[in-house]
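Examining the three-dimensional arrangement
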Amino acid sequence: MTAAMELEFDSIARLPAAGDNVAIATERLAAGVRVRHRGSVFALSHDVLEGHRFASAPVAAGSPLLSWGLPFGIATRDILPGEYACNEKILRVLAERDVGFALPAEPNFRDYLQPHGGGFSVGQQVAPAAVAGGFEGFRRSGGRGVGTRNVIVILATTSRTAAFAERLAASVRGRAASARGVDGVCAVTHTEGGGERRPHNLEFVLRTLAGFMVHPNVAAVLAVDDGAGAFDNRDLERYARDNRYPLDHVRHRFATLAGDAASELAAWERVVVDWLGEADGAERTVAPLGALKIALQCGGSDAFSGVSGNALAGWVAKELLRHGGSANLAETDELIGAEPYVLANVRDADTARAFLHKIEVFKERARHHGASAEGNPSGGNNYRGLYNIALKSIGAARKKDPDVRLDHVIDYGAPMTAPGYYFMDSPGNDLESIAGQVASGANLILFITGNGSITNFPFVPTLKFVTTTGRFGMLSGEMDVNAGRYNDGLPMEQLGRETFDLMVRVASGQRSKGETAGHAQVQIWRDWPRTDASGLDALRAAPEADGRPLAVVPGPPAKLDFEALAGERGPACDQVGLIMPTSLCSGQIARLIADRLNRQGHPAVSRFVALVHTEGCGSANTETLYLRTLLGHLRHRCTRRALLLEHGCEKTHNDAVRHYLVDHGLDPSRLGWASVQLDGGITSVASRVSEWFVSELGDAGPPERVEAHADALRLALASDGPIGETLARGLGRLVRGIVNGGGTVVVGANASVARSREFLSELVSRAEDWRVTLEYGAFAERPGLHVMATPTEDPVETLTGLGATGSDVMLAHVGRTPLQAHPMIPLLQVSGEPAVVGRYAADLDVALDPHAAPDAVADTLLRWVGSVASRAYLPKLFAGGNTGFQLSRGPLGLSL
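Residues numbered from 1 in each chain as written. Predicted model: local features only at pLDDT ≥ 70, side-chain atom pairs only at ≥ 80, totals over all residues. Heavy atoms only, no water.

Looking at the overall build of the protein chain
Basically, it comes down to this: Comment: elements are numbered from the N terminus, with helices defined as DSSP H or I runs of at least four residues and strands as E runs of at least two. Atoms considered for the radius of gyration are the C-alpha atoms alone. The globule rule reads 2.2 Å times the number of residues to the power 0.38. Summary of the burial criterion: residues with accessible area below 20% of their type's maximum are buried, those above 50% are exposed, and those between are partly exposed, where the area comes from a 1.4 Å probe applied to protein chains only.
Of the regular secondary structure elements, the protein chain holds 27 helices and 38 strands. Relative to its length of 896 residues, the protein chain is compact, with a C-alpha radius of gyration of 28 Å against a globular reference of 29 Å. Projected onto the principal axes, the alpha-carbon positions of the protein chain cover approximately 90 × 65 × 55 Å. A buried classification covers 64% of the 896 residues belonging to the protein chain.

As structure tokens, then:
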């Protein structure tokens, strides 16, 4: 658009409320464009991005900037009509994004969050429909409700059994496809319970898992643990029965893995196949619309979310309430600042107080971690016009229509037991919030997105509304509803009626776009490390590890010869193509693309790997750990080529990662970059990623083989559970030999062997010399012996961090149950514990003699490590896909 143009205000901007003094640009506008508005003409001071705001009326210094009639900022100087409204954060975000035009030199307003005085108004719920409607669903007994789908669920009780759940579901998925009455078999996995400490979020997790088990969309459920987590199936069953969840009205089993993976898979596969036969006869019957319970959720929000998408969801929810159904609004921190709007119509004083109490508890938990609950908006939110939490909350609250009464306030994952409009306590992290809503009984999800989030849940259908027609055009293959048609002039009544009818059809069995795409994610509200603010300043001020290796006692160097590959960064034990998702929401797409590339293959790499994780969006105080770990894997010697895949609306988007990499000495031009949203959806981005790897790898053949020795080896060492004294000494001598031979060994600080005096005595002169030398996920720049910080006891999080240190091979002594391996780096699993060897011999790579001499143990392990480094031996569980990748959130990480 050229600057010489003169345009009518209504053709290029929106005022959410008539009294607002700043407008939302409905397209990108050029500096100098003249705008006719209310009898006057003004010119734009700068280029203005779509979704960003400019003054539509004069705003005096010290006066509020208004949207939806509510203040979100205070002018720091007089603002004239046509000026780009910018706070300090938005200028920083736009500078990071390299938008390509001149930005204002300084902000013209500061953020403002209107304090809520506690007022509320008791009102009436919307009037019932004259004739209640219906849909076709699966009626369940015991008060479980009516299912919109009929799914068999393999539920990982803790993160330790996630890989098993996925492998079991995959093994029977083909048979499920031929079962007429079954909508699928899915694995439900999450991040919780992998450590030894009793988590602070235990009740949240157990309540969520119990809700999943009895959900009306579940035909049968197998809950799987390994007995070694922070909680187990006994805790889950006890919680469900103590709280009267109707377990006896759903086909279910609790499985504790007690043998090797192949035997357990075969045994439980037979159970699930039997369930498939039983579930195949299920038929849909007509049920009242009052049995529908919808989750109202938003992600990748933009300036138009409150104008079109959330308002449309509010209209649909209001109509469902008229038919006796229920709606669930969540994301506690995304309603901070919108309290007056939410409480303008509530059932009673107790409901209002309960809502305000949830917000205060959320704020307090954030303060315990040195964070602010008001810091929720992501970089993607900012870029698309949500400058601060006030603007985001005002728009998010529109999922509650002004005519609708707030009836109930419930805890995270608590059951919805009566019709009406609910608020459920949850973080703003989309997936964590959705998990709670599903556990509450939501059998259909309305997901509103500005950027085009492609979120889906495994056993509950998701209808995705996108807020603008332009973004719908980019992502029509992923989005179900174009709410932008309202911006284009379609009456809300007509758009709402069409959307309501679509919702009923999807509830009755019509597939949503997400179900057709075939991907889904689950995340439960993650544990938080702190319950008060004591010692917070000292923790935040603690110096980082210096990266200097420990001084190791003298000893003979290890004699190790292995066949390496000639990599661009030196001798490597493998060469892979890496797809690194920048957030949890692009993770499943990265996995789909990696699977596609592996079917094609390329001689220059052994395989393509996607490191699927749960971070990058919706948390505080975690970015440094995440980016550091990401960097370590990108610069790893076995990474021949790497591409970063963003979702498009996350906190750590591609531009943010580029800046981080430059600051840390990695050339971004050597990497590939793609965006699920900006590249047009799953099909388009998959083609783009495939083409990039084909172009980069070209006609290269297999890498050259080169001879390598101990000085080229980088070994990561972990241990979980008991280990005998003799074996501890043997491990110590192995480490000492490799280090004295010029190699690198990184030990996780939480390794059980590191608590052994026998192990330490082989390595350091004094036990007190043992110290952390590397932060979690930090690359080991100097050869020698390192100890990596481990904020949790979770073995998957430990191995994820160790992978980023640059290790070629991982070695773990198993003292309880076998571990999930790192997806990119082979994990050699050994044990000298007789009970462990007897039970898991088929999964272990090496059974050690607990009575063998330490030198014999060291020599045996060195030979096996060399065999893995040469690719002559592939560890069993690693080869079988029993892998996991999970980032630690550190000592202050918190969901927001």
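Observations regarding the layout of surface pockets
Applicable threshold: Whether a set of points on the 1 Å grid over the protein atoms alone is a cavity depends on a 1.4 Å probe fitting there but being unable to get out, while an open set qualifies as a pocket with protein on both sides within 12 Å along at least five of seven lines; lining residues are those with an atom within 4 Å of a point. Grid points are joined across faces, edges and corners, and a volume is the space filled by probe spheres set on the points.
Of the pockets and cavities examined, the second largest pocket occupies roughly 540 Å³. Taken together, 23 residues line the second largest pocket, and the ones lying closest to its centre are Leu 539, Glu 544, Leu 625, Glu 775 and Pro 891. If you list the elements that add at least two residues to the lining of the second largest pocket, you get helix 17 (536-541) and helix 19 (623-634). The biggest single contributor to the lining of the second largest pocket is helix 19, with four residues.

With respect to helix 6 (residues 261-279)
Our working definition: Helix span, as expected, comes to 1.5 Å for every residue beyond the first. Every residue pair with non-hydrogen atoms within 4.5 Å of one another is taken to be in contact.
The end-to-end C-alpha separation of helix 6 is 26 Å, in line with the 27 Å expected for 19 residues at 1.5 Å each. Listed as buried for helix 6 are Ala 261, Glu 264, Leu 265, Trp 268, Glu 269, Val 271, Val 272, Trp 275, Leu 276 and Ala 279. Considering only its buried residues, helix 6 is in contact with strand 12 (151-156), helix 3 (162-177), strand 13 (184-188), strand 14 (218-225), strand 15 (251-256) and helix 27 (876-879).

Notes on the pairing of strand 20 (residues 420-424)
Heads up, the rule is: At least two bridges found by DSSP between two strands are what make those strands a pair.
With five of five residues buried, strand 20 lies mostly within the body of the structure. As judged from the four bridges shared by strand 18 (residues 326-329) and strand 20, these two strands associate in the parallel manner. What sits directly across from Asn 328, in strand 20, is Tyr 422. In this structure, strand 19 (residues 408-410) lies alongside strand 20, joined through three bridges in parallel fashion.

Quick look at unusual backbone geometry
If you check the backbone angles, Arg 38 has positive phi at about 50° while not being a glycine. As for its position among the elements, Arg 38 is in the loop between strand 4 (34-37) and strand 5 (40-43). The phi torsion at Arg 244 lies on the positive side, around 60°, for a residue other than glycine. By the element assignment, Arg 244 lies in the loop between helix 5 (233-242) and strand 15.

Some words on the pattern of salt bridges
So the rule is basically this: Salt bridge, as used here: a side-chain nitrogen of Lys or Arg that lies within 4 Å of a carboxyl oxygen of Asp or Glu.
For the coordinates displayed, the defined rule picks out 60 salt bridges. The partner of Glu 515 in a salt bridge is Arg 511, and the shortest N-O contact between them spans 3.8 Å. What makes Arg 511 partly exposed here is its relative accessible area of 39%. Residue Asp 855 is joined to Arg 733 by a salt bridge in which the shortest nitrogen-to-oxygen separation is 3.0 Å. Placement of the pair is Asp 855 in helix 26 (residues 854-869) and Arg 733 in helix 22 (residues 725-740), with a sequence separation of 122 residues.

Observations concerning helix 19
Here helix 19 spans 16 Å end to end across twelve residues, near enough to the 16 Å set by a 1.5 Å rise per residue. Of all twelve residues in helix 19, ten are buried; the element is thus mostly enclosed. Buried within helix 19 are the following residues: Leu 625, Tyr 626, Leu 627, Arg 628, Thr 629, Leu 630, Leu 631, Gly 632, His 633 and Leu 634. Against strand 26 (576-581), strand 29 (639-646), helix 20 (654-663) and helix 24 (795-804) lie the buried residues of helix 19.

Comments concerning the environment of Pro 702
Residue position: Pro 702 is located in the loop between helix 21 (682-697) and strand 31 (705-709). Taking the C-alpha atoms as reference points, Pro 702 and Leu 565, 137 residues apart in sequence, are found 9.1 Å from one another.

What about the packing of aromatic side chains?
Test applied: Aromatic contacts are taken between Phe, Tyr and Trp rings whose centres are within 6.5 Å, Trp giving its six-membered ring; a plane angle under 30 degrees counts as stacked, one over 60 as edge-to-face, and the others as tilted. Distance and angle both matter: a charge sits over a ring if NZ of Lys or CZ of Arg is within 6 Å of the ring centre and within 35 degrees of the ring normal.
If you walk through the whole model with that rule in mind, you get 19 aromatic pairs. With a centroid separation of 5.0 Å and an interplanar angle of 80°, the aromatic rings of Phe 355 and Phe 423 are classed as edge-to-face. One end of the pair, Phe 355, is in helix 9 (residues 349-368); the other, Phe 423, is in strand 20, with 68 residues separating them in the sequence. Of the two residues, Phe 355 and Phe 423, both sit in the buried class. Here the aromatic cluster, defined as three or more aromatic residues joined through ring pairs, consists of Phe 204, Phe 362, Tyr 412, Trp 525 and Trp 528. One Lys or Arg, Arg 53, reaches over the ring of Phe 72 and ends 5.8 Å from the middle of that ring.

Brief notes about the sheet that holds strand 29
Stated formally: Between N-to-C directions, angles span 0 to 180 degrees; the directions come from axes that are lines fitted to C-alpha atoms, helices contributing only their stretch in contact.
The strand order across the open sheet formed by four strands is 27-26-29-30, and the pairing between neighbours is parallel. Every interior strand has two partners, whereas the edge strands, strand 27 (607-610) and strand 30 (672-675), have only one. Between one strand axis and the next, the sheet turns through 20° on average, direction left out of account. Lying on the sheet, helix 19 is in contact with strand 26 and strand 29; it crosses strand 26 at an angle near 165°.

Some words on the packing of helix 18 (residues 587-600) against helix 21
The angle between the axes and the distance between the axes are what describe a pair of packed helices. Selection criterion: The cut-offs work like this: below 35 degrees is roughly parallel, past 145 is roughly antiparallel, 65 to 115 is roughly perpendicular, and the gaps in between are oblique. Two helices that cross are described as forming a left-handed crossing if the nearer one is turned anticlockwise from the farther one by less than a right angle, and a right-handed crossing if clockwise. Charged residues are taken to be Asp, Glu, Lys and Arg, nonpolar residues to be Ala, Val, Leu, Ile, Met, Phe, Trp, Tyr, Cys and Pro, and polar residues to be all remaining types, Gly included.
Where helix 18 meets helix 21, the closest approach of the two axes is 10 Å, and the angle between their N-to-C directions is 50°. Considering the angle they form, helix 18 stands oblique to helix 21. Between helix 18 and helix 21 lies a crossing whose hand is right-handed. Between helix 18 and helix 21, the contacting residues are Ile 589, Ile 593, Arg 596 and Leu 597 on the first element and Ile 682, Val 685, Ala 686, Ser 687, Val 689, Ser 690 and Phe 693 on the second. A breakdown of the residues in the contact of helix 18 with helix 21 according to their chemical character gives eight nonpolar, two polar and one charged.

Some thoughts on the nonpolar core
Across soluble globular proteins, nonpolar side chains have a tendency to be buried as a group. To keep things clear, this is the line we draw: Grouping buried Ala, Val, Leu, Ile, Met, Phe, Trp, Tyr and Cys residues that are joined through side-chain atoms within 4.5 Å yields what is termed a nonpolar core.
Ranked by internal contacts, the top residues of the largest apolar core, which has 110 residues, are Phe 212, Phe 459 and Met 503. For Met 503, the residues in contact, after removing those within four places along its chain, are Leu 292, Ile 294, Val 316, Leu 320, Leu 444, Leu 446 and Leu 463. Core analysis: the second largest hydrophobic core is formed by 48 residues, Cys 573, Ile 738, Ala 751 and Leu 785 among them.

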